[in-house]
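Chain and residue survey
Spelled out, the chains give:
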Amino acid sequence: MRVATAAYDLDWLDSWAQYEDKLNAWVARAAGNGAELLVFPEYGAMELSTLDGADVAGDLEQSIQAVSDRMDEVQNLHQRLAKEYKAYILGASAPVATGAGRPVNRAELYAPDGRQDHQDKQIMTRFEREQWDIAPGGPLKLFDTALGKIGVLICYDSEFPLLGRALSDADLILVPSCTEALSGYWRVRIGAMSRALENQCVTVMASLVGNNDWSEAVDMNTGTGGIFGPPDKGFPQTGVLAEGTLNQPGWTYADIDLSAIADVRADGHVLNRTHWDEQSPRVESVTFSAL
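Below is a short write-up of the structure.

Remarks on helix H7 (residues 182-199)
Taking 1.5 Å as the rise per residue, H7 with 18 residues should run 26 Å; its terminal C-alpha atoms sit 26 Å apart, in good agreement. Among all positions in H7, only Gly184, Tyr185, Val188, Arg189, Gly191, Ala192, Arg195, Ala196, Glu198 and Asn199 are buried. Residues of H7 that are buried in the fold lie against helix H6 (161-166), strand E9 (172-177), strand E10 (202-209), strand E11 (226-228), strand E12 (240-243) and helix H8 (258-267). Just past H7, the residue Gln200 takes up positive phi, approximately 50 degrees.

Re the packing of aromatic side chains
All chains considered together, the criterion is met by 11 aromatic pairs. A ring pair is formed by Phe127 and Trp132, whose centres lie 5.8 Å apart and whose planes are at 75 degrees; its orientation type is edge-to-face. For Phe127, a relative accessible area of 32% puts it in the partly exposed group. The class for Trp132 is buried, based on a relative accessible area of 2%. Here Tyr156 and Phe160 contribute two aromatic rings whose centre-to-centre distance is 4.9 Å and whose plane-to-plane angle is 85 degrees, an arrangement assigned as edge-to-face. The cationic tip of Arg29 hangs over the ring face of Trp26; the distance from NZ or CZ to the ring centre is 5.8 Å.

Things to note about the pattern of salt bridges
This structure, assessed with the given rule, holds 21 salt bridges. Notably, a salt bridge pairs Arg265 with Asp171, separated by 3.8 Å at the nearest N-O pair. Taken together, the positions of Arg265 in helix H8 and Asp171 in the loop between H6 and E9 put the pair 94 residues apart, joining distant regions of the chain. With respect to burial, Arg265 and Asp171 carry one shared label: buried.

What counts as what
- Residues numbered from 1 in each chain as written.
- Predicted model: local features only at pLDDT ≥ 70, side-chain atom pairs only at ≥ 80, totals over all residues.
- Heavy atoms only, no water.
- Helix = DSSP H or I, 4+ residues; strand = E, 2+ residues; numbered from the N terminus.
- Expected span 1.5 Å × (residues − 1).
- Buried < 20%, exposed > 50% of the residue type's maximum accessible area, 1.4 Å probe, protein only.
- Contact = heavy atoms within 4.5 Å.
- Phe/Tyr/Trp six-rings, centres within 6.5 Å; stacked < 30°, edge-to-face > 60°.
- Lys NZ or Arg CZ within 6 Å of the ring centre and 35° of its normal.
- Salt bridge = Lys/Arg side-chain N within 4 Å of Asp/Glu carboxyl O.

What follows is the structure, given as structure tokens:
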């Protein structure tokens, strides 16, 4: 299969039609280049807050609510695009009010046949906890698709090995991200590459890019698209299948062979995925006496 992952920049939107045209152009470009799986980044839906004007877009709480209110329309649009272009699409994540307390950070996966389901972020960053007051959502899910088994670790979630371990049967783990600084981008990238190493799978990182003075939530963004595998047989020695140019909007592509994943899991130079149970939790404390 061919995978496309986005370095996605936000726009000021004056109409819903402008957003439809933008998404259609992005999806058409990737599908026209043969992509069967398209990955958009974390919080890419925040540009929808501009449809309610500058006062709403510039206010953290009001922008969260404005975006959540648009999600039915967003889902209808993505369902249509997935069907029209015969592609799986992980839509940009959004704060979504679920009716039970604070909003969650949710990404929807759309299939060409009209089916869809979501993945909620599990662990919040400090900004999400302390300023946004975004809540952790439902359990991790493993999506069994015609392209293989797909998991989603939203941004910070990719930095936690036990979440990756829970998705050890996934052929691909999608990592939509939104990182303000270069250090944040590298934390998520290192997490994505680590999960590919541990699980002997492919991870697909998408990034929000560009600056947006109209937003308190996503005003500064650093990153690029990247697709990673285990540095082992059948994969590049660096583990990097493809990477974009930092902070340059656009798609990054890679061709993924599921048989290469199966082969490295069965007969790689190392077999990381099979050795989780050999990691003992026991730790001994050793004290050296002072000289």
